[in-house]
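The primary structure of each chain is shown beneath.
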Amino acid sequence: MLIQKACRQDYKWIYQLYCASFPLAERKPFSRICRNCRNGRMEMWVIKENTAFLGFFVCAVYEEMVLIDYFAVIPSKRGKGVGGDALKLLSEVYPDYSIFLEIEPENEKAQNALQRVRRKNFYLRCGFQETGIKWNMYGVPMEVLCYQKQLSLNQCEKMYRYLYGRFWFLPIRRISCAHSQNSDIT
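The shown structure was predicted, so the numbers you read here are calculated from the model rather than taken from an experiment. (Residues numbered from 1 in each chain as written. Predicted model: local features only at pLDDT ≥ 70, side-chain atom pairs only at ≥ 80, totals over all residues. Heavy atoms only, no water.)

Caption draft 1: Just the overall build of the protein, in detail. Helix and strand content of the protein: five helices and eight strands. When the helices and strands of the protein are placed in sequence order, the string is β-α-α-β-β-β-α-β-α-β-β-α-β. Buried positions account for 47% of the 186 residues belonging to the protein. For the protein, long-range pairs separated by at least 24 residues make up 60% of all intrachain contacts whose partners lie at least 6 apart in sequence. For the protein, the exposed area adds up to about 10100 Å²; of that, 49% sits on carbon and sulfur atoms. (Helix = DSSP H or I, 4+ residues; strand = E, 2+ residues; numbered from the N terminus. Buried < 20%, exposed > 50% of the residue type's maximum accessible area, 1.4 Å probe, protein only. Contact = heavy atoms within 4.5 Å. Areas by Shrake-Rupley, 256 points an atom, 1.4 Å probe, with all protein chains shown as cover.)

This is the structure we're talking about:
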């Protein structure tokens, strides 16, 4: 198995899995993702075995941080180690970076409560850790997990400012941060 930067021929597979794997409320317009890849703000990676498409990552890379904005594995390969192996490969591409992602927080009343617990447990097994940082991202509550390194609130905010700019940062609000770190975002 390998991960490699996506090319235009991969976009069809990525888009299909993207739409099937993420609820509409959590999806950015795919055209915006592609534009951000062209202008260097984001990167799309494909997960492959030989030539078979297994999944993808969409990442934002800034300074020494990597935000995994989207990550999905095709349904027939879930639960078979592909996701964990792919995350390890991505960490080898960015060994000195703080890699983080957002997940829906656990909520026993949520319609997808079991899926949320399973997703969080998967990431924790893969080496991610809780940061205590929670955001309301465009009306969707999200919890931030970081891979093997600590992530400060200021680093997280820096990434969002880089990725979304001041205009796009307005609908993103911090819900909580367990760490006592100062925010430089006003």
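Caption draft 2: Broad picture of helix α3 (residues 82-93). Across its 12 residues, α3 extends 17 Å between first and last C-alpha, which sits within 8% of the 16 Å expected from 1.5 Å per residue. Every buried residue of α3 is listed here: Val 82, Gly 83, Ala 86, Leu 87, Leu 90 and Ser 91. (Expected span 1.5 Å × (residues − 1).)

Caption draft 3: The arrangement of the pairing of strand β2 (residues 42-49) in detail. Of all the eight residues making up β2, seven are buried; the element is thus mostly covered by neighbouring parts of the structure. Where strand β1 (residues 2-5) meets β2, four bridges bridge the pair, whose relative direction is antiparallel. Bridge pairing in β2 places Lys 5 opposite Trp 45. What sits between the antiparallel neighbours β2 and strand β3 (residues 52-62) is a turn of two residues, in which Asn 50 has the positive phi angle 55°. (Pairing = 2+ DSSP bridges.)

Caption draft 4: Summary view of the packing of aromatic side chains. Following the criterion strictly, the structure yields 19 aromatic pairs and no others. Each ring, one from Phe 71 and one from Tyr 123, has its centre 6.5 Å from the other, and the planes form 50°; the classification is tilted. A residue pair is termed long-range when its members are at least 10 positions apart, and Phe 71 in strand β4 (residues 65-73) and Tyr 123 in helix α4 (residues 113-125) qualify at 52 residues. As far as burial versus exposure is concerned, Phe 71 and Tyr 123 are alike and both buried. A cation over a ring is seen here: Lys 12 above Trp 13, with NZ or CZ 4.9 Å from the ring centre. (Phe/Tyr/Trp six-rings, centres within 6.5 Å; stacked < 30°, edge-to-face > 60°. Lys NZ or Arg CZ within 6 Å of the ring centre and 35° of its normal.)

Caption draft 5: Layout of helix α1 (residues 8-21). Here α1 contains 14 residues, and its C-alpha end-to-end distance of 20 Å stays within 8% of the 20 Å for a straight helix at 1.5 Å per residue. When α1 is considered as a whole, its buried residues turn out to be Asp 10, Tyr 11, Ile 14, Leu 17 and Tyr 18. Where α1 is buried, its residues contact β1, α2 (30-38), β2, β3 and β4.

Caption draft 6: The arrangement of unusual backbone geometry in detail. The phi angle at Asn 50 is positive, at roughly 55°, despite the residue not being glycine. Examined against the element boundaries, Asn 50 turns out to sit in the loop between β2 and β3. Under the relative-accessibility criterion, Asn 50 is labelled exposed at 72%. Positive phi values are uncommon outside glycine, yet Glu 63 reaches one of about 50°. For Glu 63, the position within the fold is in the loop between β3 and β4.

Caption draft 7: Expanded view of the pattern of salt bridges. Across all of its chains, the model carries 10 salt bridges by this definition. When the shortest N-O distance is used, the salt bridge between Glu 92 and Lys 88 registers 3.5 Å. Taken together, the positions of Glu 92 and Lys 88, both in helix α3 and four residues apart, correspond to about one turn of that helix. One salt bridge connects Glu 104 with Arg 119, and the closest N-O pair in it is separated by 3.3 Å. Of this pair, Glu 104 sits in the loop between β5 (98-103) and α4 while Arg 119 sits in helix α4, and the two are 15 residues apart along the sequence. Classification of Glu 104 by relative accessible area gives buried; the value is 12%. In this structure Arg 119 comes out as partly exposed when scored by relative accessible area, which is 26%. (Salt bridge = Lys/Arg side-chain N within 4 Å of Asp/Glu carboxyl O.)

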